[in-house]
Amino acid sequence: MIREAVYEDLDGMLELYLHLHETSVPEHDDNLAKMWDKMISDPDYHIVVKEIDGKIVSSCSCIIIPNLTHNVRPFALVEYVVTHADYRGKGYATDCLNYAREIAKRENCYKIMLMTGSKRSETLRFYENAGYSSADKTGFNQKL
């Protein structure tokens, strides 16, 4: 099943992020609860999940960004594309990206942006096969 995350998915998402770049699950404190509440209640923040037998095995986030250009159309930013290591190579991340694309279309976005920190050719090829191009823009990142 592919769907948007709900409030009860917090622990499943935290576990899945261990397969992204996290090394531990954050403490369940007020800060975590406030951030999750903010994310899950924001109508422009969409957490797409692929669920198999009740377990979240893949996900991406699709954030809709308001914009005054391109005929006052928003754009979408896709981040945190991840699949549990035991479930990779089955098309689940592609399912999540396709769902995010449908959200962006529904919200009348003129484009979707995605950045990856990976230099692995198979990862870059995966994004190209999903319809993303690295030829159009140059991405920069500043750590804070």
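Everything below is about the structure printed above this text.
Going along each chain's sequence as written, the residues are numbered from 1 onward. Per-residue local features of the predicted model are confined to residues with pLDDT of at least 70, and side-chain atom pairs are confined, for both listing and counting, to 80 or more; whole-chain, interface and lining totals are unaffected and use all residues. Side-chain metrics in this entry use all non-hydrogen atoms of the structure; hydrogen atoms and water are not considered.

## Overview of the sheet that holds strand β2 (residues 45–52)
Pairing between the strands of a sheet is mediated by backbone hydrogen bonds and can be parallel or antiparallel. Between any two strands, at least two bridges found by DSSP are needed for them to pair. In DSSP terms, a helix is any run of H or I states spanning at least four residues, a strand is any run of E spanning at least two, and both are numbered starting from the N terminus. With mixed pairing, the five strands of this open sheet are ordered in space as β1-β2-β3-β4-β5. Either end of the sheet is taken by a strand with one partner, and the two such strands are β1 (2–4) and β5 (112–114). Between one strand and the next, the sheet's axes are offset by a mean angle of 25 degrees, whatever the strand orientation. With seven bridges connecting them, strand β3 (residues 55–65) and strand β4 (residues 75–83) associate as antiparallel partners. By the bridge assignment for β4, S61 is matched with E79. Comment: axis = line fitted to C-alpha atoms, over the contacting stretch for helices; angle = value between 0 and 180 degrees taken between N-to-C directions.

## Here we look at the packing of aromatic side chains
When the centres of two rings from Phe, Tyr and Trp lie within 6.5 Å, Trp using its six-membered ring, the rings pair. Their planes under 30 degrees apart give stacked, over 60 give edge-to-face, and anything left gives tilted. Scanning the model with the defined rule gives three aromatic pairs in all. Between Y17 and Y80, the ring centres sit 6.1 Å apart and the planes meet at 55 degrees, which makes this aromatic pair tilted. Here Y17 is found in the loop between α1 (10–16) and α2 (30–41), whereas its partner Y80 is found in strand β4, with 63 residues between them in sequence. Throughout this description, buried means an accessible area under 20% of the type-specific maximum (1.4 Å probe, protein chains only), exposed means over 50%, and partly exposed covers the range between. Residue Y17 is classed as buried on the basis of its relative accessible area, which comes to 16%. Judged by relative accessible area, Y80 falls into the partly exposed class, the value being 36%. With centroids separated by 6.5 Å and ring planes inclined at 75 degrees, the aromatic side chains of F75 and Y110 adopt a geometry described as edge-to-face. On the criterion of sequence distance, the pair formed by F75 in strand β4 and Y110 in the loop between α3 (92–106) and β5 is long-range, its members being 35 residues apart. Residue class for Y110 comes out partly exposed when judged on its relative accessible area of 25%. Placement of a charge over a ring requires the Lys NZ or Arg CZ to be within 6 Å of the ring centre, with the centre-to-atom vector within 35 degrees of the ring normal. Lying over the aromatic face of F75, K111 brings its terminal NZ or CZ to 5.5 Å of the ring centre.

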